[in-house]
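Residues per chain are reported as follows:
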Amino acid sequence: MRQFDHQRPHPARMYDYMLGGKDNFAVDRQAIDQLAELIPEAVPLARANRAFLQRAVRYVARAGVDQFLDLGSGLPTQGSAHEVAPEAKVVYVDHDPVVAAHATALLRHSPGRAGFVQADLLDPGDVLAGAAEYLDLDRPIAVLLVSILHFLPDSADPQRAVAVLRERAAPGSHLVITHATTMANLEDEERARFRGSSGRGGTDRSPGQIRAFFGDWPLEPPGLVQATDWRPDRPKLVGDWSLPSSLMAGVGKKVR
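Sequence order as written defines residue numbering, which begins from 1 separately in each chain. Confidence filtering applies because this is a predicted model: local features only for residues at pLDDT of at least 70, side-chain atom pairs given and counted only at 80 or more, and all residues used for totals across whole chains, interfaces and linings. Water and hydrogen atoms play no part in the side-chain values, which are based on all heavy atoms of the structure.

Listed in full, the buried residues belonging to helix α1 (residues 11-18) are Ala 12, Arg 13, Met 14, Asp 16 and Met 18. The contact definition used throughout considers only heavy atoms, calling two residues in contact when any of these lie within 4.5 Å. Numbering of helices and strands runs from the N terminus, with a helix taken as a DSSP run of H or I at least four residues long and a strand as a DSSP run of E at least two residues long. On the buried face of α1, the contacting elements are α2 (26-38), α3 (42-62) and α5 (97-106). Gly 20 lies just past α1 and shows a positive phi near 90°. We call a residue buried when its accessible area falls under 20% of the maximum for its residue type, exposed when it is over 50%, and partly exposed in between, using a 1.4 Å probe and counting protein chains only.

Rendered as structure tokens:
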């Protein structure tokens, strides 16, 4: 199995650490601790992002969908989809070969229920071919694009890739997205460091541009909102600490 480089921080391990996981090294923890000094909301945003994913997975599962395709998944740890919906089949997809090796090992205790495909979401043909080994694509699926699209610049044409996924999905399928909408409050150096943890460039998009990823799929209530405001587990209380409104979230459904 290919090994992580213990001397360099890795975005998948860094994210695991932000979520309170154990699949990380000291170099990853140090990188996140330094990032948190520059961007205090980084860790709370990561946890809000994961909390949204969990609420969305539960919502879609209650709607009767029992197949999930998680793109740009990183390591499937700390409340990932197969843990939230234990009766469903889940396929995790990431282009990183080292992540692929370790994710496969992590999923060895969930044979037949969760699998991993090494592919790039910008090549939806490869993604769908790999997913078809686990999922029945003629039945509804839930496509999870959680905190991945903002790492893809417009020059990579992520809209095209997502459109292919929407077209191939069966009626009754759902599309789950979170996306950064602005980092205007950060200095250039801080913004570059935040994005650099992904290993790719990226772009912030307006709510209208984020909505375009859903195509003609109607959004489930409450629509495209801040991640913390999408069907929260409890109402906000007076005095609750509010995250900056930089992470938008929504769930669309294919109705035809």
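Additional details are given in the paragraphs that follow.
This part is about the nonpolar core. Nonpolar core, defined: a set of buried Ala, Val, Leu, Ile, Met, Phe, Trp, Tyr and Cys residues in which side-chain atoms within 4.5 Å join the residues together. Of all hydrophobic cores here, the largest spans 32 residues; its most connected members are Phe 52, Val 60, Phe 68, Leu 144 and Val 176. Ranked by residue count, the leading element in this core is α3, at seven residues. Excluding residues within four positions of it along the chain, Leu 144 makes contact with Leu 53, Val 57, Phe 68, Leu 69, Asp 70, Leu 71, Ala 81 and Val 176. Among the nonpolar cores identified, the runner-up in size contains 29 residues, and Val 127, Val 143, Val 162 and Trp 217 belong to it.

Moving on to the packing of aromatic side chains. Aromatic contacts are taken between Phe, Tyr and Trp rings whose centres are within 6.5 Å, Trp giving its six-membered ring; a plane angle under 30 degrees counts as stacked, one over 60 as edge-to-face, and the others as tilted. With the rule as written, the count across this model stands at two aromatic pairs. Here Tyr 59 and Trp 230 contribute two aromatic rings whose centre-to-centre distance is 5.4 Å and whose plane-to-plane angle is 85°, an arrangement assigned as edge-to-face. Here Tyr 59 is found in helix α3, whereas its partner Trp 230 is found in the loop between β6 (225-226) and β7 (247-253), with 171 residues between them in sequence. Of the two residues, Tyr 59 and Trp 230, both sit in the buried class. Its guanidinium or amino end placed over the ring of Trp 230, Arg 231 lies 5.7 Å from that ring's centre, counting from NZ or CZ. A ring has a charge above it when a Lys NZ or an Arg CZ is no more than 6 Å from the ring centre and no more than 35 degrees off the ring normal.

Another aspect to go through is the pattern of salt bridges. Within this document, salt bridges are pairs made up of a side-chain nitrogen of Lys or Arg and a carboxyl oxygen of Asp or Glu, the two lying within 4 Å of each other. Applying the stated criterion across every chain yields a total of four salt bridges. Residue Arg 58 is joined to Asp 233 by a salt bridge in which the shortest nitrogen-to-oxygen separation is 3.3 Å. Placement of Arg 58 in helix α3 and of Asp 233 in the loop between β6 and β7 is noted, with a sequence separation of 175 residues between them. The exposure class of Arg 58 is partly exposed, given its relative accessible area of 30%. Look at Asp 233 and you get exposed, because its relative accessible area is 63%. In this structure, Asp 66 and Arg 139 form a salt bridge, with 2.8 Å as the shortest nitrogen-oxygen distance. Separated by 73 residues along the polypeptide, Asp 66 in the loop between α3 and β1 (67-71) and Arg 139 in the loop between α6 (124-131) and β4 (142-146) bring together distant segments of the chain. Classification of Arg 139 as partly exposed rests on a relative accessible area of 33%.

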